[in-house]
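Spelled out, the chains give:
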Amino acid sequence: MNNLNYGVIGNCRTAALISQNGNIEWLCFPDFDSPSIFASMLDREKGGAFGFEVSGDYRITQNYVPHTNILSTQFSSDEGEFVVLDYMPCYRSQDETGHYLPAELYRYIHWIKGKPRFKINYHPAPNYAQGQVILNITPQYIESYCSFDNKDRQYLYASLSLQDIKEKKEIILEKDEFLLLSYNEKVIPIDIEREKIEYCRTLVYWLNWTDRSKKYTLYNDVIERSLLVLKLMSYHNGAVLAALTTSLPEAVGEVRNWDYRFCWLRDASMSIETMFQIGHTGAAKRFMKFIQSTFVSKHDYQIMYGIRGEHQLTEVILDHLSGYKNSKPVRIGNDAYHQKQNDSFGYLMDLIYQYYRLMPGTLDEIEDMWEMVKTILAKVVENWRKPDKGIWEIRGEGQHFVSSKVMCWVALDRGAKIAQMLNKYNYSERWQLEAEKIKKDVMKYGWNKELQSFTQTYNNQAMDSSLLLMEPYGFIEADDIRYHKTVEAVKKALFHKGLMYRYNSKDDFGLPTSAFTICTFWLIRALFVTGHKEEARCLFDEVLKYSNHLGLFSEDIDFETKEQLGNFPQAYSHLALVNTAILFAEEEKRLSFIRP
């Protein structure tokens, strides 16, 4: 049973999660990281939701309008049929200088046949359901706000009777209708014609965006949906969120519940590199600008930032919410922003190198970026010998993680290549020498002769899925016997019931109990490049079956039930899915040239 059967809609400002039955169960206004208006996925009683109630003989089906982020939920019975099209307006402004991305959500109710009947459940619970909800009905809209904080208000406009909505009366649908939930009071008349214009503009925006993506003859639909998800998770200023939700647990009933509505340098760099590879260079440009504006001037590096570049992301527990499937605590903010994770700079530098290589900007942009490169690498040189918290943000004591050392090597290697491109040979030589020191260090202390494998840290014998990244980032060749043996050892230790653990050694919260989705994709790549192509392809096809009904993936999967767990949808999972699918698509293309 896959319990995260949600569709997601958004407009690069905020997003909503909509259940298979058409209920909005997660929405933050006006931005991704704002307090929630609906959060029934985190508390069925208090959280708030917005949906349609139909009798039990209705069949409900859900899919995306092809090539878009517009969600279609169809309600069919003998008495009638209608479809709800959910979307957030998103399109180029008329003056072409920017985009129109209002904090609003349209629910276009398209009549198909008969006389379908339904009730509308409209239960906003602003400010994470803290305080009493006040509802005011006016001739134009239903206004809602929270007694705890009455500055944030929401306005529901509709072509249907507002009184019938508020009193939850039965509605008989005889023509197209609409609902519009807005963070702002509208200053222009809102009617069905306006709604249709917004729908058409948004439809065209998504069709144009998808059309600019590179096409593949194999797995193209899978790649396209993942790219659309990654686009949804990009804030309009270039920041990329790790996920759209907070506190969806890595394992039901446990406490590994975190707020992922922030921009991690690592996750964002990997997401943008994937978008870049597929033809969306604008995303890379915006992300570079975000990175520069966020910290180049301050030289104060963190592993993660708020989506507007905030440095302080104080973690707070919302005790009044019961949590997803009663998995407390519900957290907002994330204390991991204090952590030192030396690997982050490797992913970022790899992206900056691609940017220099494939998309050189104006002279001032190139020079600004060069200053950033020098500052980052000074930090890497200063820190690579020190312990850190690693890629998995272990909240215990810092350790000498092999993957962190490897990514420090990547940072210096890419920096040296950039320096060479800019004829800065002194820097290139110096960074290359430092990179060599790291490589010798890892080969000496990271390789365990007894186990015949690299290990998670210099001081333990544990396996870690992040060791599989040594090859794709160029630290070691795919045909190196040490990589082959490491892939074997990692698979033997961490592959369980068709999925991968991140690691299965104890951390500060005990033993991990769920599979980390991205790690299975890493294993698939490792099997592919070490010659086990058929096994890799079979495993990939199997993992695709564990997505939800719309092809979306969360952070984790339950080993036993294959239920999705963790924050949703997860950028990490989707970027790895795209990269893995491309591996097979390009192999297919290569073989088609060889075949007679």
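Rules used throughout
Position labels on residues start from 1 in each chain and follow its written sequence. Local features in this predicted model are restricted to residues whose pLDDT is 70 or higher, and side-chain atom pairs enter the listing and the counts only when it is 80 or higher, whereas totals over whole chains, interfaces and linings include all residues. Only heavy atoms go into the side-chain values, all of them from the structure, while hydrogens and water stay out. For the domains described, the bounds stem from an automatic or database domain assignment. Between two residues, a contact is recorded if the distance between any of their heavy atoms is within 4.5 Å. Here the buried area means the combined drop in accessible surface, using a 1.4 Å probe, for two parts upon being joined, counting both sides. For this document, the term salt bridge refers to a Lys or Arg side-chain nitrogen within 4 Å of an Asp or Glu carboxyl oxygen. Numbering of helices and strands starts at the N terminus; helices are DSSP runs of H or I of at least 4 residues and strands are runs of E of at least 2. Under the convention adopted here, Pro, Cys and the residues Ala, Val, Leu, Ile, Met, Phe, Trp and Tyr are nonpolar, Asp, Glu, Lys and Arg are charged, and Gly plus all remaining residues are polar. Only protein atoms enter the calculation, which uses a 1 Å grid: trapped sets of points that fit a 1.4 Å probe without letting it out are cavities, open sets showing protein on both sides within 12 Å along at least five of seven lines are pockets, and any residue with an atom within 4 Å of a point is a lining residue. Grid points are joined across faces, edges and corners, and a volume is the space filled by probe spheres set on the points. Exposed residues in this analysis have more than 50% of their type's maximum accessible area, buried residues have under 20%, and partly exposed residues fall in between, with area computed by a 1.4 Å probe over protein chains only. N or O atoms within 3.5 Å of each other form a polar contact, as long as, within protein, one can give a hydrogen and the other can take it, and as long as residues adjacent in sequence are counted only when both atoms are side-chain atoms. Charge counting follows a simple rule: Lys and Arg are positive, Asp and Glu are negative, and His as well as the terminal groups are ignored. The pairing criterion for strands is at least two bridges between them, as found by DSSP.

For the protein, the name recorded in an unreviewed UniProt entry is Alpha-glycosidase, with Bacteroides finegoldii as its organism.

Draft legend 1. Region of the structure containing the domain arrangement of the protein. Domains assigned within the protein are domain 1 (4-208) and domain 2 (212-582). On the domain 2 side, the residues contacting the 38 residues of domain 1 number 37 residues. For the pair domain 1 and domain 2, the summed buried surface comes to about 3,300 Å²; carbon and sulfur atoms form 63% of the total. When residues of domain 1 are sorted by the area they lose upon contact with domain 2, Leu 4, Phe 32 and Leu 42 head the list and together hold 24% of the total. At the boundary of domain 1 with domain 2, the tally comes to two salt bridges. Across the salt bridge formed by Arg 308 and Asp 31, the nearest N and O atoms sit 3.6 Å from each other. Elements supplying a minimum of two residues to the side of domain 1 that touches domain 2: β1 (6-10), β2 (15-19), β3 (24-28), β6 (59-64), α1 (126-129) and α3 (192-211). By residue number, the principal contributor to the side of domain 1 that touches domain 2 is β1, which donates five residues. Considered class by class, the residues forming the side of domain 1 that touches domain 2 number 20 nonpolar, 13 polar and five charged.

Draft legend 2. Structural view of the layout of surface pockets. By volume, the largest pocket amounts to about 710 Å³. Looking at the largest pocket, it is lined by 28 residues, and the ones nearest its centre are Glu 273, Gln 277, Pro 472, Arg 525 and Asn 579. Listing elements by their share of the lining of the largest pocket, those giving two or more residues are α5 (265-277), α7 (344-358), α12 (517-529) and α14 (571-594). Looking at the lining of the largest pocket, the element that brings in the most residues is α14, giving seven residues. For the lining of the largest pocket, the class distribution of residues is 17 nonpolar, five polar and six charged.

Draft legend 3. Spotlight on the side chain of Ser 213. Here Ser 213 is to be found in the loop between α3 and α4 (220-232). Given a relative accessible area of 8%, Ser 213 falls into the buried group. Here the side chain of Ser 213 touches His 280 through a polar contact of 2.7 Å, side chain to side chain. Look past the residues within four positions of Ser 213 in its chain and what remains in contact with it is Leu 227, Ile 278 and His 280.

Draft legend 4. Looking closely at the side chain of Glu 555. Structurally, Glu 555 can be placed in the loop between α13 (533-544) and β27 (556-557). Buried Glu 555, no salt bridge; nearest opposite-charge side chain is Arg 502, N-O distance 5.2 Å. In this structure the side chain of Glu 555 is engaged in a polar contact, spanning 2.6 Å, whose partner is the side chain of Tyr 260. Apart from residues lying up to four places away in sequence, Glu 555 is in contact with Glu 250, Tyr 260, Ala 515, Phe 516, Thr 517, Leu 565, Gly 566, Asn 567, Gln 570 and Ser 573.

Draft legend 5. Up close: the pattern of salt bridges. This structure, assessed with the given rule, holds 40 salt bridges. A salt bridge links Arg 194 to Glu 198; the shortest N-O distance between them is 3.4 Å. With Arg 194 and Glu 198 both in helix α3, this residue pair falls four residues apart, about one helical turn. On the basis of relative accessible area, Arg 194 is assigned to the partly exposed category, the value being 24%. Of the residues examined, Glu 198 reaches a relative accessible area of 1% and is grouped as buried.

Draft legend 6. Molecular detail of the sheet that holds β27. Reading across from one edge, β26-β27-β28 is the order of the three strands in this open sheet, with antiparallel pairing throughout. The open sheet has two edge strands with one neighbour each: β26 (515-516) and β28 (564-565). Sheet topology places β27 next to β28; two bridges connect them, and they run antiparallel. Each residue of the ladder has a partner; that of Ile 557, found in β28, is Gln 564.

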